[in-house]
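Here's the letter readout for the chains.
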Amino acid sequence: MSKQKNRSASKQANSDTNQGYVQLPIVCTADNLRMLIRKRAVRVVDVRRQEDYQKEHIPTAVSLPLAKLLQDDSPEKVVEILEKLGISDSMPIVVYDDTFGALAARVAWTFQYVGHENTALLEMTFSQWKSLGLETETKPNEFPAANHSLRLNKEIFADASYIESAKGQTDKILIDSRERLNFLTEHIPEAMNIPYTMLRSNGSILRDPAELKRFMENRGIPVDSEIITYCGSVGTLSGLAYYALKLAGAKNVKLYPKSFKEWKALGKPKEEFKDANYWDLSAE
Amino acid sequence: MKKATMKEGIALPKTNPRWGLEEETENFAQKVKLFRQRKLSDDDFRRFRLQHGAYSSRLRMDYSMMRIKIPGGEVTPEQLEKIASLSEAFSIGSAHVSTRQNIQLHWVQLEDVSEVMRGLVEVGLTTREACGNTVRNVMCSPFAGTCADEAFDATPYSKAIARFFLRNTMCQNLPRKFKINFACCEKEKHSLVRIADIGLVPAIKDGARGFRVYLGGGLGAASFIGHLLEEFTPEDMLLSTCMATIRLFDRHGNRENMARNRMRYLVHETGWEKFQKMVLKERTAVQMTLAPATIKKFDVKAEEDTRQLPKAPRMTKLPMLNDQVTKSSPAYERWLHTNVLAQKQEGYFTVFVTLGAGDITASQLRVLANTIRELSVEGVARNTPQQNFAIRYVKGTDLRQFFDRLASAGLANPGALTIASAVGCSGTTSCNLAITNSHRLAKEVQKKFLELGLDTDDSLRDSTIKISGCPNSCGQHEIATIGFFGGASRVGGAMTPTYTMLLAGNASELGKAVMRVPAKRVVATILKIIELYKNERSSGETMSQWIDNVVKGQGKGTIKDAEGMKSALEQVIQLPTPEVDPDAYRDYGSDSRFNAKTARGECAA
Ligand code: SF4
């Protein structure tokens, strides 16, 4: 936890304020969030299932299950959702889940994509929050609707045709964040593998930035290259990878939210590896 | 950090530190970068990589199999937990117990090898010299210290020898790999001392400690059984004997012919009597020149477990380990019968954890680690050459709880000490040299045997099944009652994965090749052999005795000899035509036509 504090402290040193709101770092510590909650200066978004939210959630949190967002994640619809949750343009948002940060990451990325820059991931999952004995509540929260503008941040988005056009360009790096065996079986040609399981540490959804940076260096990925992440289906695992890369200092990261599921459905080329029976090593 | 639960009478949990070195981690990362930048040649990098315990994965130079040495087979719960998290982060979410007491992580990206090493160093472990032409992991019987027949506990000796030779300049560039195995006693079932370059059995003569030393054994394309150096080698000559042997091998071993450069060939070509004299002479030379500083580096005392383990409580009723069980016995009773042994320490038991060909998931490792902490008074695990774990010093009164814990993680399969616990090397799941999927086949055998309840049949209990994916014997097929090694042959006009079946191998005699069996007929063939045995046995004869007799040409029933066995099995190995059943011509885990592909071996044995 102490490492985490340092991480956000350094980020916050150069954070500016907008309408009195603080600008959040990529990852928000539990302490920081509790302080913001006390000041009523944050919107906490719980992306677990509705039933889980109803049982118990972090104080002041609103509920936005990932599945609900994915029903229609067109930018217009997302802005409508933000407005309904009472979120205005510069209000800080902290997102959390109970799925090692992957669902939260996908939601946070979507908010940033429609222009809500001031969005952070909670450093831990809800279970970890609870296991530390931090406060929770059961009453559902609703806030008066707000106005939110739509300013698409196209820089962080990639689709299949964009990936096709990036083929062969060495300064564009494609990262597959699925687990190793899925990656070995098939992946988009030229992709590198950084399994999402590499990204977390004990008690935190993302490792220390220095470690994440070292992983990139080991793979020879320069921080100033353009990086596109994808995963198996809806951009959750790759959403987490997106934030891990940002945390490691990568400037230009894009998410391919429709990921390998769409790629395959479109009949695009795949790289396969069939000369080893690696699945038979699995003990499950 | 979890706190180790305090156990009565034990101040501190046992640790297993200082095998790994931090600087090797950084060094490895640097070398990978140089290699990627083409500033390091393929050959130089390969040598370096192997020296540090990373093989290239099957047909993919960009992935590694990392072999974690477990010297003496002893591993702490903290180390198991670390291996669990490293396997999740950088490998495939499971770890694999090898037949030489290593724990292997497969399909690690080359760029992450240094990260895995970093994690291992944190808990004291290393992959250094787990591969390459070095002294490999030093093995010790999982029974050492608990065996009723042993002269003394060989464990601290095995660890002291391992530590002495690790990074030792005298064995950084041997003609070939070098294997040292310690047994608990001469009677040890499935002992590996006679198939090692140096095999050692504790012995006592006139009240003094020493060893019976076997030299020049080993399995492979040509296998040999080790020779006894002398009746008794006193304890204070253990080090000089090992050093002398390694020095001779280093000086005279064949560095030209990759296929004949293990020490057993040197012994064979020199002739045992001459080699024996050379060793004794060299030992005298070593002893005269041994510097006190060198002797100090061989520190058995430092490896000893000095903790006083408390006596186990007296039980009013002992667990019924020896009761007859059947397939329909309650799961716990069946497990007791096939997975638990009494120790020489009264009231204590050793629990064997059944794995499938050595595979265990990260979450299972965590459950195991916690169970050890809470229910093993010794507080460590041993991995076994049968690719299982042995957890010792479990009180009889805790066995039920132990079982329940294992069951909660899917680890309570019976059969660990029986024929059902089939051994299988990695085969085509990750090995460059593999022709067949021996790993999966071993799991298939186990699954079928447990389903049929063959683990409960005591007449099969002393038989073993071991499977290698090529003639290289990592699966130790030559010392199995029924052993198999993989190959490819034309059957009915189609290339087909097949296994050469060997019969009647054991700790001191190698199995004899009898016939080839298509991969998909192996399970049926073994079952047929069991059926034949049941029909043919004389009273009281176990299956391994029956097979021994048959192979020696002394069968008392209708099957007289190996030829007879072969004819009796002719029917069961037949395949339908490829048109009728194309699957019969494919290997396990594959849905396409069989195609034997291999790449340059890095001697994965
Ligand atoms: S070299 Fe052969 S025996 Fe050894 S692991 Fe590979 S397939 Fe198995």
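Remember, predicted model here, so these are calculated numbers, not experimental data.

**Student:** Can you break down the overall build of chain A residue by residue, with the values?
**Tutor:** Of regular secondary structure, chain A possesses 12 helices and 13 strands. A compact globule built from 284 residues should have a C-alpha radius of gyration of about 19 Å, and chain A, at 19 Å, falls within 12% of that. Based on the C-alpha atoms only, the size of chain A along its principal axes is roughly 55 × 40 × 40 Å. Of all 284 residues assigned to chain A, the portion counted as buried reaches 55%. Put simply, 72% of the contacts in chain A that link residues at least 6 apart link residues at least 24 apart.

**Student:** Pulling in residues and values, what's your account of the overall build of chain B?
**Tutor:** In terms of helices and strands, chain B carries 17 helices and 21 strands. Taken along its principal axes, the extent of the C-alpha atoms in chain B is 65 × 65 × 50 Å. Looking at chain B as a whole, 64% of its 605 residues are labelled buried. Carbon and sulfur atoms provide 51% of the accessible area of chain B, an area that totals close to 23100 Å². If you average the places of the 83 positive and of the 67 negative side-chain charges in chain B, the two averages end up 2 Å apart.

**Student:** Lay out the packing of aromatic side chains with the relevant residues and their values.
**Tutor:** Applying the stated criterion to the full structure yields 31 aromatic pairs over all chains. Look at Trp335(B) and Phe403(B): their rings are 5.1 Å apart centre to centre, the planes differ by 55°, and that puts the pair in the tilted class. Residue Trp335(B) is located in helix H11 (residues 331-339), and its partner Phe403(B) is located in helix H13 (residues 399-408); the two are separated by 68 residues in the primary sequence. As far as the burial class goes, Trp335(B) and Phe403(B) line up, both buried. Members of the aromatic cluster, each reached through a chain of ring pairs, are Phe273(A), Tyr278(A), Tyr63(B) and Trp107(B). The positively charged end of Arg48(A) is found above the aromatic ring belonging to Phe126(A), 4.0 Å away from the centroid. For Lys520(B), the ring lying beneath its charged end belongs to Tyr588(B), and the centroid distance is 5.1 Å.

**Student:** Any chance you could break down the sheet that holds strand S11 (residues 226-230) of chain A for me, citing the residues and the numbers?
**Tutor:** Residues and elements named next belong to chain A. Taken in spatial order, the four strands of this open sheet run S10-S8-S11-S12, and their pairing is parallel. Taken across any chain shown, the strands that pair with only one partner, and hence form the sheet edges, are strand S10 (192-193) and strand S12 (252-255). For strand S8 (residues 172-176) and S10, the ladder comprises two bridges, and the chain directions are parallel. Its bridge partner being in S10, Ile175 is matched across the sheet by Met192.

**Student:** How would you explain the domain arrangement of chain B if you had to name every residue and give the values?
**Tutor:** Residue and element names in this part refer to chain B. You can read the domains of chain B as domain 1 (6-122), domain 2 (146-304) and domain 3 (423-585). Placing the centre of domain 1 and that of domain 2 at their C-alpha centroids yields a distance of 26 Å. On the side of domain 2, 12 residues touch domain 1, which itself brings 14 residues to the contact. When the two sides are added together, the surface that domain 1 and domain 2 hide from each other amounts to roughly 1200 Å², 43% of it contributed by carbon and sulfur. Among the residues of domain 1 in contact with domain 2, Trp19, Gln51 and Arg100 are the three that bury the most area, contributing 49% of the side total. Our count for the domain 1 to domain 2 interface comes out at two salt bridges. Between Glu24 and Arg167 there is a salt bridge, and its shortest N-O distance comes to 2.5 Å. Looking at the side of domain 1 that touches domain 2 residue by residue, the class counts come to four nonpolar, five polar and five charged.

**Student:** Got a sec to walk through the domain arrangement of chain A? Specific residues and values, please.
**Tutor:** Residue and element names in this part refer to chain A. Assigned domains of chain A: these are domain 1 (3-152) and domain 2 (155-281). The C-alpha-based centres of domain 1 and domain 2 are spaced at 24 Å. Roughly 2000 Å² of surface becomes buried between domain 1 and domain 2 when both sides are summed, with 69% attributable to carbon and sulfur atoms. Our count for the domain 1 to domain 2 interface comes out at zero salt bridges. Connecting domain 1 to domain 2 are seven residue pairs in polar contact (both at pLDDT 80 or more).

**Student:** Run through the nonpolar core, naming residues and quoting values.
**Tutor:** Among the nonpolar cores identified, the biggest contains 112 residues, and Leu206(A), Leu80(B), Leu368(B) and Phe389(B) are the most heavily contacted of them. Here Leu368(B) is in contact with Leu80(B), Val353(B), Ile360(B), Phe389(B), Ile391(B), Leu406(B) and Leu411(B), once residues within four sequence places are set aside. If you look at the next biggest cluster of nonpolar residues, it comprises 47 residues, including Phe152(B), Tyr157(B), Cys171(B) and Val279(B).

**Student:** So what about the interface of chain B and chain A? Which residues, and what values?
**Tutor:** Taken together, the 37 residues of chain B in the interface contact 25 residues of chain A. Overall, the association of chain B and chain A removes approximately 2500 Å² of surface from exposure, summing both partners, and the carbon and sulfur fraction of that is 50%. Viewed at the interface, chain A and chain B are joined by four salt bridges. The residue Lys597(B) makes a salt bridge to Asp275(A) at a minimum N-O spacing of 2.8 Å. Where chain B meets chain A, there are 16 residue pairs in polar contact (both at pLDDT 80 or more).

**Student:** Before we move on, could you go through the environment of Leu120(B) and cite the residues and values that matter?
**Tutor:** Residue and element names in this part refer to chain B. Take Leu120: it is sitting in helix H4 (residues 113-122). Along the sequence, Leu120 and Leu80 sit 40 residues apart, while their C-alpha atoms lie 10 Å from each other. Excluding residues within four positions of it along the chain, Leu120 makes contact with Ile68, Ile83, Leu86, Leu125 and Thr127.

**Student:** How would you sum up the side chain of His106(B)? Please name residues and give values.
**Tutor:** Looking at the element boundaries, His106(B) is found in strand S5 (residues 102-109). Note on His106(B): relative accessible area 1%, which makes it buried. A distance of 2.8 Å separates the side chain of His106(B) from the side chain of Ser430(B), its partner in a polar contact. Among all residues touching His106(B), those that are not within four sequence positions of it are Leu281(A), Ser64(B), Met65(B), Ser91(B), Ile92(B), His96(B), Ser426(B) and Ser430(B).

**Student:** Which residues make up the site of the ligand, and what values do they have?
**Tutor:** Surrounding the ligand, one finds Cys425(B), Gly427(B), Cys431(B), Leu433(B), Ala434(B), Ser468(B), Gly469(B), Cys470(B), Asn472(B), Ser473(B) and Cys474(B). The residue makeup of the shell around the ligand, split by class, is six nonpolar, five polar and no charged.

**Student:** Before we move on, could you go through H11(B) and cite the residues and values that matter?
**Tutor:** Because each turn of an α-helix spans 3.6 residues, side chains separated by three or four positions end up pointing in the same direction. Burial within H11(B) is extensive, with seven of its nine residues counted as buried. On its buried side, H11(B) packs onto strand S12 (340-342), strand S13 (348-353), H13 and helix H14 (438-452) of chain B.

**Student:** Go over the environment of Leu24(A), please, and point to the residues and values.
**Tutor:** All names here are of chain A. For Leu24, the position within the fold is in the loop between strand S2 (21-22) and strand S3 (27-28). The exposure class of Leu24 is buried, given its relative accessible area of 9%. Separated by 170 residues in the primary sequence, Leu24 and Ile194 place their C-alpha atoms 26 Å from one another. Those residues in contact with Leu24 that lie beyond four places of it in its chain are Leu36, Pro92, Ile93, Val94, Asn118 and Ala120.

**Student:** Could you give an account of the pairing of strand S19 (residues 482-491) of chain B, with specific residues and numbers?
**Tutor:** All names here are of chain B. Across the 10 residues that make up S19, a large majority, seven, are buried. Bridge count for strand S18 (residues 465-468) against S19 is four bridges, and the pairing is parallel. When the bridges of S19 are listed, Ile467 appears paired with Phe484. Pairing geometry for S19 and strand S20 (residues 494-503), over 10 bridges, is antiparallel. Its bridge partner lying in S20, Ala488 is registered against Pro497. The loop that links S19 with its antiparallel partner S20 comprises two residues; one of these, Gly492, has a positive phi angle of about 50°.

**Student:** Summarise helix H2 (residues 30-39) of chain A; cite the residues concerned and give the values.
**Tutor:** Residues and elements named next belong to chain A. Residues of H2 that are buried: Ala30, Asn32, Leu33, Leu36 and Ile37. Burial along H2 is one-sided: seen end-on, the buried residues are contained in an arc of 160°. Away from the buried face of H2 by more than 90 degrees, exposed residues Arg38 and Lys39 are located.

**Student:** Mind laying out the packing of helix H1 (residues 22-36) of chain B against helix H2 (residues 42-51) of chain B, listing which residues take part and the relevant values?
**Tutor:** Residues and elements named next belong to chain B. The geometry of H1 relative to H2 is characterised by a closest axis approach of 11 Å and an angle of 160° between their N-to-C directions. Relative to H2, the element H1 is oriented roughly antiparallel. The element H1 and its partner H2 pack so that their crossing is left-handed. In this structure, H1 contributes Asn27, Phe28, Lys31, Val32 and Phe35 to the contact, and H2 contributes Asp42, Phe45, Phe48 and Arg49.

Scoring rules and cut-offs
Residues numbered from 1 in each chain as written. Chains lettered and ligands numbered in written order. Predicted model: local features only at pLDDT ≥ 70, side-chain atom pairs only at ≥ 80, totals over all residues. Heavy atoms only, no water. Helix = DSSP H or I, 4+ residues; strand = E, 2+ residues; numbered from the N terminus. Rg over C-alpha atoms; globule rule 2.2 N^0.38 Å. Buried < 20%, exposed > 50% of the residue type's maximum accessible area, 1.4 Å probe, protein only. Contact = heavy atoms within 4.5 Å. Areas by Shrake-Rupley, 256 points an atom, 1.4 Å probe, with all protein chains shown as cover. Lys, Arg positive; Asp, Glu negative; His and termini not counted. Charge placed at Lys NZ, Arg CZ, Asp CG, Glu CD. Phe/Tyr/Trp six-rings, centres within 6.5 Å; stacked < 30°, edge-to-face > 60°. Lys NZ or Arg CZ within 6 Å of the ring centre and 35° of its normal. Pairing = 2+ DSSP bridges. Domains from an automatic or database assignment. Buried area = accessible area lost by both parts, 1.4 Å probe. Salt bridge = Lys/Arg side-chain N within 4 Å of Asp/Glu carboxyl O. Nonpolar A, V, L, I, M, F, W, Y, C, P; charged D, E, K, R; others polar. Polar contact = N/O pair within 3.5 Å; in protein donor to acceptor, adjacent residues only side chain to side chain. Core = buried A, V, L, I, M, F, W, Y, C linked by side-chain atoms within 4.5 Å. Near = heavy atom within 4 Å. Arc of directions from axis to C-beta. Axes fitted to C-alpha atoms, helices over the stretch in contact; angles between N-to-C directions. Parallel < 35°, antiparallel > 145°, perpendicular 65-115°, else oblique. Left-handed = near helix turned anticlockwise from the far one by under 90°.

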